[in-house]
There are 4 protein chains.
Amino acid sequence: MYFEKIVAEGLSHNSYLIGSQGKAAVIDPRRDCDVYIRHADQADLLITHIFETHRNEDYCIGSRELAEKTGSVICHGANTPFRYGTPVKEGDEFMIGSLRLSIIETPGHTEESISIVLSDPAVADTPYMIFCGDTLFAGDVARTDFYGRERDAEMAAKIYDSIRTKILALGDGIILCPAHGGGSVCGTEIRDYPFTTTGYEKMTNPFLSMGRDRFIRERIRQTPYTPPYFRHMERCNLTGAPILHGVPLPPRLPVARVQELQSEGGQILDLRSPPSFAAAHIPQSLAVWRTGISAFTGWFFDYERPIVVIDDFNTDLDPVIRQLMRLGYDNVAGFLAGGFSSWYRSALETASFATCTVQDLHERLRTETPFILDVRDIRNFSTTGHLPGAYHAYVGELPQHISEIPRDRPIVVTCDAGFKSSLAASYLAANGYTQITNLLGGMRAWVLAGYPLLHSGDRTPAEEEIPALERSRILRG
Amino acid sequence: MYFEKIVAEGLSHNSYLIGSQGKAAVIDPRRDCDVYIRHADQADLLITHIFETHRNEDYCIGSRELAEKTGSVICHGANTPFRYGTPVKEGDEFMIGSLRLSIIETPGHTEESISIVLSDPAVADTPYMIFCGDTLFAGDVARTDFYGRERDAEMAAKIYDSIRTKILALGDGIILCPAHGGGSVCGTEIRDYPFTTTGYEKMTNPFLSMGRDRFIRERIRQTPYTPPYFRHMERCNLTGAPILHGVPLPPRLPVARVQELQSEGGQILDLRSPPSFAAAHIPQSLAVWRTGISAFTGWFFDYERPIVVIDDFNTDLDPVIRQLMRLGYDNVAGFLAGGFSSWYRSALETASFATCTVQDLHERLRTETPFILDVRDIRNFSTTGHLPGAYHAYVGELPQHISEIPRDRPIVVTCDAGFKSSLAASYLAANGYTQITNLLGGMRAWVLAGYPLLHSGDRTPAEEEIPALERSRILRG
Amino acid sequence: MYFEKIVAEGLSHNSYLIGSQGKAAVIDPRRDCDVYIRHADQADLLITHIFETHRNEDYCIGSRELAEKTGSVICHGANTPFRYGTPVKEGDEFMIGSLRLSIIETPGHTEESISIVLSDPAVADTPYMIFCGDTLFAGDVARTDFYGRERDAEMAAKIYDSIRTKILALGDGIILCPAHGGGSVCGTEIRDYPFTTTGYEKMTNPFLSMGRDRFIRERIRQTPYTPPYFRHMERCNLTGAPILHGVPLPPRLPVARVQELQSEGGQILDLRSPPSFAAAHIPQSLAVWRTGISAFTGWFFDYERPIVVIDDFNTDLDPVIRQLMRLGYDNVAGFLAGGFSSWYRSALETASFATCTVQDLHERLRTETPFILDVRDIRNFSTTGHLPGAYHAYVGELPQHISEIPRDRPIVVTCDAGFKSSLAASYLAANGYTQITNLLGGMRAWVLAGYPLLHSGDRTPAEEEIPALERSRILRG
Amino acid sequence: MYFEKIVAEGLSHNSYLIGSQGKAAVIDPRRDCDVYIRHADQADLLITHIFETHRNEDYCIGSRELAEKTGSVICHGANTPFRYGTPVKEGDEFMIGSLRLSIIETPGHTEESISIVLSDPAVADTPYMIFCGDTLFAGDVARTDFYGRERDAEMAAKIYDSIRTKILALGDGIILCPAHGGGSVCGTEIRDYPFTTTGYEKMTNPFLSMGRDRFIRERIRQTPYTPPYFRHMERCNLTGAPILHGVPLPPRLPVARVQELQSEGGQILDLRSPPSFAAAHIPQSLAVWRTGISAFTGWFFDYERPIVVIDDFNTDLDPVIRQLMRLGYDNVAGFLAGGFSSWYRSALETASFATCTVQDLHERLRTETPFILDVRDIRNFSTTGHLPGAYHAYVGELPQHISEIPRDRPIVVTCDAGFKSSLAASYLAANGYTQITNLLGGMRAWVLAGYPLLHSGDRTPAEEEIPALERSRILRG
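Description of the structure in this document. (Residues numbered from 1 in each chain as written. Chains lettered and ligands numbered in written order. Predicted model: local features only at pLDDT ≥ 70, side-chain atom pairs only at ≥ 80, totals over all residues. Heavy atoms only, no water.)

## As for the relation of the copies chain A and chain B
Then step 1. Here chain A sits on chain B after a turn of 180° about the axis and a move of 0.0 Å along it, with an RMSD of 0.0 Å. Read as a symmetry element, the transformation amounts to a two-fold axis. If distances are taken from each C-alpha of chain A to the rotation axis, the shortest is found for A:G173, at 2.3 Å.
Then step 2. In this assembly, 100% of the residues forming the interface of chain A have copies in chain B that are likewise at the interface, indicating an isologous arrangement. (Least-squares fit on C-alpha atoms with pLDDT ≥ 70 in both. Contact = heavy atoms within 4.5 Å.)

Here it is, written out as structure tokens:
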């Protein structure tokens, strides 16, 4: 049995290549799909089948790209009207060499969600492995909020039943291969385990120890963030994303061309570190660091206007492009040739804002009361605690809250470690704010330095200032 | 949790890199250990610990090579006197970041065999994964014959107890990470699964459904092959193999240098395919194909005399060198520059023997009775069946049987598919046999062509001819 | 100044990437053009211009593929009506950063041939380097036979004048960067030098020491071989080859699919070595070894029917696919999964023919008179000498001569070293010949073994048997 | 003829691999010598000879490392007592396949400097190419100051004669392959050409149009910078640098380990960009950017104390390690795991200084008079011009001038573009200076912004402030 788990870093998306006797199948391929072909070649396998466990919101499915190159068949659940591929149903079976793949319908995350049970009939009928998509994760279960608030309870009930009656019923020793690992936006509690088993989840996954009613209550109480690009992905995946024939190689653009693009509405995505960005950057650019591309680009960048990417030294850009293509950003115009220093070496205008350390801030708070903007996930804000008086707005939702950020006060932006706050600060700067400081190290460093935090249980002005909508998001469980 | 399974193809040897919070451990590293460092670097991990589940016979342990590069500590079981590293005992615990590694002693395969139980205390005390070395495999259990026939039953009993009381007792949902996959010489029945679980093994592993006595009986009845190089590996691993500081880059040798080396006792390892080798080869060379290097070199090549490697076009030689270094062959002098054609383009003498297809042989057997030499594993010979009158000698043991192979009769050499028989034929040719034919496709093709075989249950002359020693090896289960 | 010479092995085709101050130009790009983009990226250059020194016959120009990815402008000589790009004329100048590229028209090889003179005005006006396409090579000058016999003298005169008045007139210290190196079919005498200079050529190139009349006489006396695929390339290059968006990744095909393709007219290209092919091959397949693909595929394979590629172990196939795509073979269906042994392991029919060493043949010629078929270049046949009685037909032209090869006699095929004769033998076998032997080592080994040859000056039956057309090809210079 | 020029970026060091008929030679190998072996393997060549054109000061010669792997012979000029290798003399000849390498002695840069003349006797006796080491460059000639001021004129005379009588005398059309390209510290005027020719140099190299006396006068007037590490290299190269067996793989170090190392005297080399470093850095670290490693590390770092390397995201570190090993820095302890943000996320102390744009500075100079420290090469300072009142100290010589830099005034550090000034600023900060500003874009941006400069011809206070030693360095030619 050939088995390869392929992780798309950033998305924490898992896809799987399995093969036997010259044939292979891919489950949930990513868009930069050369990896499957190279692995299959290495193992002398022909990819004949592609399975999509579900329509996806967080990335462009690579099935059509891969099918175009391999001639393989695309299979997905029957309960959503895809414009391509073949619907499969409960009980359908596929032989990949000596391996049997059986479809089970596991609705809940989406209506058409399926799981694929792998067994090896030559050995036993008992299932060996399940590719369970977004249905069940290590330590978490799928989101059920994509059909809107009104159907949340209905979908939560469905996923409860799918997990209980379809997956856990198969026994304790089955290897679970979910579509996401820790860090994915598709679950807030997913553990970063390489795999898990039905047995281990039964013993450790908090959602699996709840009764049906409590489970539904807990699920609908959760309101994970939904970046605006999800809509675009949904459309893409139903109709099929444009075929790219490989990973794009965006060119190196001279300074003059970048100026031109910017004047025509181009968007600047700056990969550099928080200190680098703060000290100098192209006006109007947004700070999205390398490993944050998958999670944060989709909150701020649109699909129409060209994107120019800025780095310090233009090193290791292939993963950058791959992350962007997975999100459907086919509008990358190129990289600033020579890196960011080309800009200031050309005497072009740069902008900057301040950074400070937690020691600096601690000192400063003795005498000043800057506006503290905390852009972490609301759960971290509430659970870990926050600075007294901190105003919370999740980085991705900052645009909706900008009217509440004062323009005439010094602002200190903070988050977990200083990266999301760099993005938030860049957004403020691009919107005309001038007295911005990014706190390097964020609340993580603040705590390590031994400085105190307020918690949401505490009755504080900060709590008061959390807008009603936000407050409802706080997980009390 | 960082997790990476690294497979040494050919050996079907699995090693594992696990990491958390900047620290990492490697379990059973191979000798070409750059792979661990590169992965660790990619994940910003520092390798601090190396665990050896047991002394190994089939390859050179890479612990010292890796420790030299990383400064990490080498840990192995206490019951064997290694000349390096630190002994660990039942109950010892190591934290790798947030992960807990607990040692359990699981003797049986060797006296000092340990397994390493991984759990994630932040989540639960329940074990998540076990690195069980050669103790328990997917579908098989460890060999217990390394201390000699007289201790076979004792070791089989130990392994039975180790598996029952130490491993299976932990529960059904635990991921098992053994040191070998399908194709390894360390087990005859290992399934080629990427992982397995305690639960799946309980349901499907035939050795786990046996009682203690039956288990011991079955184990000692098995007599897997033991290549002579195992002794060298054992010594190497107890004292520590020479440190190579990376993968060697043996040079391309001109024809004249190869002649010189051969005249000084050099050994020729020819990587080419069976047809290529049969049609022309350097006299005295042995045919060990690319994917057979790990399993067959150690039967025929010694560690003193230089080895010259021959290929058709000198493509993709890095895996060749890696396979040889893993077996401790530090005596590779180089590759014939320009590939095999350099030899005949230089008008040097070549040797050859015949090949035939199964159709050819079928036809020929109507009128002739060549000596049929079948060099497969005795189990395949017996279970799958063989040609009438076939003489069996396992390819690796051919040197011991050569006196029984007639020099004055036409010989047809066969095996499963034509590769092992190519090696056997090359050995015969190097020993002066002249009327040799290698059957391309072997018994696999013979059966596919619809031609009949005799089985060992059948009373046939072939059965008669199996030497007593060999016959005792046939698995009757 | 950024400078990179990129060699397409097999074609011995040189292309050049030059850059300065963020801009770059490519001269004569090959079709697998990712290499230019990667180099340019590494050096932070944007490719803005592509220059084609001439329409090409021996490969698919990669200009459109590269322009599609980079947005660069394609420039070629004005005297041929290309369907794409921009015509440039004598005296046109382009600045690539601080470098000046000046066009000079150098007709002769083709009507629109141009050379590109590079100078560095900041240093001096004197030319530094010339990209002279197929006009002047190290040790040779361009072919002038592409417009047919009737215009041969006219074109030879043009090239004489181009070289004298345009190139050599520039001075002695200029670096010459031609479009081909040694081994190219675009010149029979090209030396395999990395570069050359005007001064060195003046002193050593035999064609530059001739007067105009003698030069023309010598050129028209030469009749280099012209593979049939040249026509296809010419058409492709005038209209623009299909855009592939990267290097194709043909799949691994199971045996059954290869059978199916073959039954539908598929062509089999077998990469294996001469001994490997001779001992066993798929009936009807042709033996084109790895490094012979660029030079010989175009004589035998058509562009309509699918091509299946066979290797022993499927190693290092990327260069194989690149060579085929450069020749415009977009009809590669895939590789036989598992390599050639998959075929015989499936008990499918194989064919074979004999091989022999020069010692064998020498012995055999004492008593037998097989038909000797010598498929070398006619010049080697004539100059180096040949076996008594040898019949000459260049491997590429074998199809036209097949009626002259007897079907009822043993045939020994020979060439320089045994590769071209392997292809010729495969062609004979595919056409029903049965008594074929390929001489391993060919005439090279024959001579090294100390056996005698006849030369064309000698009055021999062999000479007699050379057909009139062939005889006219012999270079008497 | 196989030919490959291998450039060690940063050092702008050229080495050459040439081969013919299975044999190869390397000229001036770098220490990370795997590149030669890989190329030779690819071309089926065995490296048999290594030639060193001269003892080197700017990098560790890789000859012993390469010889150890290939068994090749090391040849160098006879007039320096190397502890390894074989001396060669004028007129010695070596055949590498069909190529002839003839030694000519070309003293001047060093006493034992040789050049290697390559010719192809099968074609002509006339030289084709010369490997001229540091004797003659594109646009420049070798330094002659390594034996001290007192022998400068003597060595300049020698090199004049070597070039005239040994190299230029060979003719105009010879390809020159020097050991350095543009950007090397071994010549201040070397053009960044890939190659050059004797003819082109005669026409364009200013030093070749001078008479002997003027040449000597001009050479001794030049006082190129000599980093202190040159002494270490010289010793290394005479005795042979330690053999590393490949490129080191320094580990990722956790924050705590870096603190520990620093407390034990460890040195911190920070790769990050000027804005990134300025905004926050580990106290006492020095800012040496990626492409500045080869040129600047040797001025500031010692060979005894361990070096820790800091990057923002730990991308593309292989070239960093290669640059350091080429300079003999075998004391790299590792990289800060997780990159620089690990430091501030751990709440550890960081330092910072200001940056400003040229616009900012222009504005500021209206009202303030900060101390302007210009750390460019003195030639740029003098020729291009500088800010009024600027104090000049070359970045590498800053330690010797530090007593002249005021501790109580605001300091603006500037250079060509902002990188060298970042290093200088980091040095000041590490030495307790507090009011530091690094000018991003440097004098290049200042000029592009249209702001005026003073030139050294001008009578200005700045000129006055140049110390006498420095002033003597200004090139008046």
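## Some remarks on the sheet that holds strand β3 (residues 23–27) of chain A
Strands belonging to one sheet form pairs held by backbone hydrogen bonds; the direction of such a pair is parallel or antiparallel.
Residues and elements named next belong to chain A.
Then step 1. Across the sheet, which stays open at both edges, the 6 strands sit in the order β1-β2-β3-β4-β5-β6 with mixed pairing between neighbours. The open sheet terminates on both sides in strands that have one partner only, identified here as β1 (2–8) and β6 (86–88). Going across the sheet, the axis of each strand differs from the next one's by a mean of 25°, ignoring polarity.
Then step 2. Sheet topology places strand β4 (residues 46–52) next to strand β5 (residues 73–77); 4 bridges connect them, and they run parallel. In the strand pairing of β5, E52 is matched with H76.
Then step 3. In this fold helix α1 (residues 34–42) packs onto β1, β2 (13–20), β3 and β4, with an angle of close to 155° to the strand it touches most, β1. (Pairing = 2+ DSSP bridges. Helix = DSSP H or I, 4+ residues; strand = E, 2+ residues; numbered from the N terminus. Axes fitted to C-alpha atoms, helices over the stretch in contact; angles between N-to-C directions.)

## Details of the interface of chain A and chain B
Then step 1. Contacts between chain A and chain B engage 23 residues on the former and 23 residues on the latter.
Then step 2. Interface of chain A and chain B: buried area, both sides summed, is about 2100 Å²; carbon and sulfur atoms make up 67% of it.
Then step 3. Interface area lost by chain A to chain B is led by A:M1, A:Y128 and A:Y200, which between them contribute 26%.
Then step 4. If you look at where chain A meets chain B, you find 0 salt bridges.
Then step 5. The tally of links between chain A and chain B comes to 8 residue pairs in polar contact (both at pLDDT 80 or more).
Then step 6. Sorting the residues of the side of chain A that touches chain B by element identifies β14 (196–197) and α4 (198–204) of chain A as the ones contributing at least two each.
Then step 7. The element that contributes the greatest number of residues to the side of chain A that touches chain B is α4(A), accounting for 4 residues.
Then step 8. Residues belonging to the side of chain A that touches chain B are distributed by class as follows: 13 nonpolar, 6 polar and 4 charged. (Buried area = accessible area lost by both parts, 1.4 Å probe. Salt bridge = Lys/Arg side-chain N within 4 Å of Asp/Glu carboxyl O. Polar contact = N/O pair within 3.5 Å; in protein donor to acceptor, adjacent residues only side chain to side chain. Nonpolar A, V, L, I, M, F, W, Y, C, P; charged D, E, K, R; others polar.)

## Considerations on the interface of chain A and chain D
Then step 1. With 33 residues of chain A at the contact, the number on the chain D side is 33 residues.
Then step 2. Counting the surface chain A buries against chain D, the share from its top three residues, A:F313, A:Y344 and A:R345, is 26%.
Then step 3. Counting across the interface, chain A meets chain D through 0 salt bridges.
Then step 4. The tally of links between chain A and chain D comes to 9 residue pairs in polar contact (both at pLDDT 80 or more).
Then step 5. No other element matches helix α8 (residues 274–279) of chain A, which puts 4 residues into the side of chain A that touches chain D.
Then step 6. Looking at side-chain class alone, the side of chain A that touches chain D contains 17 nonpolar, 10 polar and 6 charged residues.

## Some thoughts on helix α12 (residues 358–365) of chain C
Residue and element names in this part refer to chain C.
Then step 1. When α12 is considered as a whole, its buried residues turn out to be V358, L361 and R364. Projected onto a plane normal to the axis of α12, the buried residues spread over an arc of 125° and lie on a single side.
Then step 2. In this structure, the buried residues of α12 make contact with β20 (354–356), β23 (411–414), β24 (436–439) and α16 (442–448). (Buried < 20%, exposed > 50% of the residue type's maximum accessible area, 1.4 Å probe, protein only. Arc of directions from axis to C-beta.)

## Focus: the side chain of C:S115
All names here are of chain C.
Then step 1. With respect to the helices and strands, the residue S115 is situated in strand β9 (residues 114–119).
Then step 2. When its relative accessible area of 0% is taken as the criterion, S115 is described as buried.
Then step 3. At 3.0 Å, the side chain of S115 and the side chain of T106 are in polar contact.
Then step 4. Look past the residues within four positions of S115 in its chain and what remains in contact with it is S102, I103, I104, T106, I130, F131, C132, T135 and I167.

## Topic: the pattern of salt bridges
Then step 1. If you walk through the whole model with that rule in mind, you get 140 salt bridges over all chains.
Then step 2. Notably, a salt bridge pairs B:D44 with D:R252, separated by 3.1 Å at the nearest N-O pair. With one member in each of two chains, B:D44 in the loop between α1 (34–42) and β4 (46–52) and D:R252 in strand β15 (residues 252–253) form a pair that bridges those chains. Comparing B:D44 with D:R252 shows no difference in burial state: the two are buried.
Then step 3. In the salt-bridge network here, residues are joined through shared partners; they are A:R30, A:D32, A:D34, A:D318, A:R322 and A:R326.

## Looking at the packing of helix α9 (residues 293–300) of chain B against helix α10 (residues 318–326) of chain B
Residue and element names in this part refer to chain B.
Then step 1. The interhelical angle for the contact between α9 and α10, taken along N-to-C directions, is 50°, at an axis separation of 9 Å. In terms of orientation, α9 and α10 fall into the oblique class. Here α9 runs over α10; the crossing is right-handed. Mapping the contact onto sequence places I293, S294 and T297 in α9 and V320, Q323 and L324 in α10.
Then step 2. Here the contact of α9 with α10 is built from residues that sort into 3 nonpolar, 3 polar and no charged. (Parallel < 35°, antiparallel > 145°, perpendicular 65-115°, else oblique. Left-handed = near helix turned anticlockwise from the far one by under 90°.)

## What about the packing of aromatic side chains?
Residue and element names in this part refer to chain D.
Then step 1. All chains considered together, the criterion is met by 102 aromatic pairs over all chains.
Then step 2. Ring centres of W289 and F419 lie 5.4 Å apart, and the angle between their planes is 50°; this geometry places the pair in the tilted category. You can see W289 sitting in the loop between β17 (286–287) and α9 (293–300) and its partner F419 sitting in the loop between β23 (411–414) and α15 (420–430), a full 130 residues away along the chain. We note that W289, like F419, is buried. (Phe/Tyr/Trp six-rings, centres within 6.5 Å; stacked < 30°, edge-to-face > 60°.)

## Digging into the side chain of A:D374
All names here are of chain A.
Then step 1. Its place among the elements puts D374 in strand β21 (residues 371–374).
Then step 2. A polar atom in the side chain of D374 sits 2.7 Å from the side chain of R376.
Then step 3. With sequence-adjacent residues up to four places away left out, D374 is seen in contact with F381, H386, A390, Y391, H392, A393, T414, C415 and M443.

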